Amino acid sequence: MTNSYSSGPEVMVCEVGLRDGLQMFNALFPTAEKLAWIQAESAAGVREIEVTSFVPPKLVPQFVDAQEVVHGALAIPGLCVVALVPNLKGAERAIELGVHKLNYVMSVSRTHNLRNVRREREESLADFKRIADLIRALPEHRRPRLLGGLSSALGCGYEGRVPVADVQRWAVAYAEAGADEIMIADTVGYADPVHVKEAFRAVIADVGTLPVSAHFHDTRGLGLANVAAALECGVRRFDASLAGLGGCQFVPSATGNIVMDDLCFMLDAMGMRTGVDLEKLVAVREIVARNLPGTPLYGKLAGAGLPVNYHAGATAA
Ligand SMILES: CC(=O)SCCNC(=O)CCNC(=O)[C@H](O)C(C)(C)COP(=O)(O)OP(=O)(O)OC[C@H]1O[C@@H](n2cnc3c(N)ncnc32)[C@H](O)[C@@H]1OP(=O)(O)O
Ligand SMILES: CC(=O)CC(=O)O
């Protein structure tokens, strides 16, 4: 069943389960199965997939196969291949392999940045500038898009409340340093829709025409409510993870991302084009299930199925 609108996504959804989800597991999800997942989800209509992370394998063993995964993903026509990078070294590896978009990670919370990437935020920003310079020096056809990610932006598992003014400050710093896109991430699921509107509206006003995307975790059950709030602010790109895998090993109590399948259903029901075939998407969960036996898989759509006589835009007036 295809979303009846097929002229291209109006809302971009980016699958992050292969990175945010799998980083929580030390045992290697087999490379061929990662590629089967990427293939199947791309065939279901997901146009952006964060396929791996360029971090030291000693620290996060799951991504020891980053090179093979990127090679395989790049062979899929029309797919935007995204990778997480925590520093210049990671970016150099990703760029060399031809990744289309770099998701650079820095936390608004000082403590989370120190725990996660072992440096002050100013040092993270300095590396981001070096990466932007490196990209500018490349021939145009080899330049990846550079996303400036702001983790622990709506709350921090160490510091608690994170002032919106701090999110604005680092978002503007990214913009001035050459980001193509800013992403605001609620790493530990502290945000609520009122908070989301305040933070996204403030950042969007500050960064002008630069796209601002959202990365929500469903730690306290407010993930999709936060998406609805971000949509009202004009956000049109969301990260999510199939079956709600996800978390961050460098902050306490971090749990899964919003569920990709439920996100796509909500957007589809609201009449927003994602380009995703919901039934094909739900079927991809089988690949996750057979490789992570015993791991809870989240998501309401997969359990309940589509409503009788469902059509896209069902709930739109
Ligand atoms: C919110 C989230 O979910 S974000 C995702 C989850 N978090 C993560 O994945 C953690 C990311 N953090 C990291 O990868 C690390 O903290 C780093 C690489 C950023 C910094 O760690 P440091 O130990 O300070 O790195 P440092 O620059 O000192 O290098 C240490 C070693 O790692 C290597 N290294 C550094 N960066 C990388 C990289 N990106 N990829 C591979 N190897 C690397 C160095 O070459 C060095 O190797 P050596 O010991 O053989 O000489
Ligand atoms: C990089 C990410 O994974 C975003 C976040 O949750 O902080």
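Residues numbered from 1 in each chain as written. Chains lettered and ligands numbered in written order. Predicted model: local features only at pLDDT ≥ 70, side-chain atom pairs only at ≥ 80, totals over all residues. Heavy atoms only, no water.

K.L.:
Break down the UniProt feature "domain: Pyruvate carboxyltransferase" (unreviewed entry) in the protein chain for me, citing the residues and quoting the values.
P.N.:
Feature annotation in UniProt assigns "domain: Pyruvate carboxyltransferase" (unreviewed entry) to the following positions: residues 11-282. Secondary structure within residues 11-282 divides into 42% helix and 17% strand; the distance between the first and last C-alpha atoms comes to 19 Å. (UniProt positions renumbered as here; feature names shortened; annotations may be inferred. Helix = DSSP H or I, 4+ residues; strand = E, 2+ residues; numbered from the N terminus.)

K.L.:
Lay out the site of ligand 2 in plain terms, naming residues and giving numbers.
P.N.:
Looking at ligand 2, the residues that line it are Arg19, Asp20, Leu84, Ser151, Ala185, Thr187, His215 and His217. The contact in question runs from an oxygen atom of ligand 2 to an N or O atom on the side chain of Arg19, over 2.8 Å. The side chain of Thr187 places a nitrogen or oxygen atom 2.5 Å from an oxygen atom of ligand 2. Within the complex, 93% of the 240 Å² of free accessible area of ligand 2 lies under protein. Taken together, the residues of the shell around ligand 2 break down into 2 nonpolar, 4 polar and 2 charged. (Near = heavy atom within 4 Å. Polar contact = N/O pair within 3.5 Å; in protein donor to acceptor, adjacent residues only side chain to side chain. Areas by Shrake-Rupley, 256 points an atom, 1.4 Å probe, with all protein chains shown as cover. Nonpolar A, V, L, I, M, F, W, Y, C, P; charged D, E, K, R; others polar.)

K.L.:
Break down the packing of aromatic side chains for me, with residues and values.
P.N.:
Under the counting rule described, the total for this entry stands at 6 aromatic pairs. Ring centres of Phe29 and Trp37 lie 5.6 Å apart, and the angle between their planes is 50 degrees; this geometry places the pair in the tilted category. Of the two residues, Phe29 and Trp37, neither departs from the other in class, the shared state being buried. Here Tyr104 and Tyr174 contribute two aromatic rings whose centre-to-centre distance is 6.5 Å and whose plane-to-plane angle is 85 degrees, an arrangement assigned as edge-to-face. In this pair, Tyr104 is assigned in strand S4 (residues 101-107) and Tyr174 in helix H7 (residues 164-177), connecting sequence segments 70 residues apart. A residue is classified by how much of its surface remains accessible, and Tyr174, at 0% relative accessible area, is buried. Put simply, the rings of Tyr104, Phe128 and Tyr174 touch in pairs and so form one group of aromatic residues. (Phe/Tyr/Trp six-rings, centres within 6.5 Å; stacked < 30°, edge-to-face > 60°. Buried < 20%, exposed > 50% of the residue type's maximum accessible area, 1.4 Å probe, protein only.)

K.L.:
Outline the site of ligand 1, listing residues and values.
P.N.:
The environment of ligand 1 is formed by 23 residues, the closest being Gln23, Phe54, Asn87, Lys89 and Asn116. For ligand 1, an oxygen atom lies 2.9 Å from a polar atom in the side chain of Gln23. Within the side chain of Asn116, one N or O atom sits 2.8 Å away from a nitrogen atom of ligand 1. Isolated, ligand 1 exposes 990 Å² of accessible area, and the fraction of that covered by the protein chains is 71%.

K.L.:
Go over the pairing of strand S2 (residues 48-53), please, and point to the residues and values.
P.N.:
Most of S2 sits out of view: 6 of its 6 residues are buried. Pairing geometry for strand S1 (residues 12-15) and S2, over 2 bridges, is parallel. Of the residues in S2, the one forming a bridge with Glu15 is Ile49. Here S2 runs beside strand S3 (residues 80-85); their pairing, made up of 5 bridges, is parallel. Looking across to S3, one finds that Ser53 is bridged to Leu84. Of the crossover connections in this fold, the one passing from S2 over helix H3 (residues 66-74) to the parallel S3 is right-handed. (Pairing = 2+ DSSP bridges. Right-handed = clockwise from strand over helix to strand, strands pointing away.)

K.L.:
I'd like a description of the sheet that holds S3, backed by residues and values.
P.N.:
One closed barrel accounts for 8 strands, arranged S1-S2-S3-S4-S5-S6-S7-S8; its pairing is parallel. Recorded for the sheet is a direction-independent mean angle of 25 degrees between the axes of neighbouring strands. Pairing geometry for strand S5 (residues 145-151) and strand S6 (residues 181-186), over 4 bridges, is parallel. Looking at S6, one finds that Leu147 is bridged to Glu181. (Axes fitted to C-alpha atoms, helices over the stretch in contact; angles between N-to-C directions.)

K.L.:
Got a sec to walk through the environment of Lys129? Specific residues and values, please.
P.N.:
Examined against the element boundaries, Lys129 turns out to sit in helix H6 (residues 121-136). Note: C-alpha distance between Lys129 and His215 (86 residues apart in sequence) is 23 Å.

K.L.:
Talk me through the environment of Pro144; I want residue IDs and the actual numbers.
P.N.:
Tracing the backbone shows Pro144 in the loop between H6 and S5. A relative accessible area of 4% places Pro144 in the buried class. Other than its neighbours up to four places away in sequence, Pro144 contacts Ile95, Val99, His100, Lys101, Leu102, Ile135, Leu138 and Asp180. (Contact = heavy atoms within 4.5 Å.)

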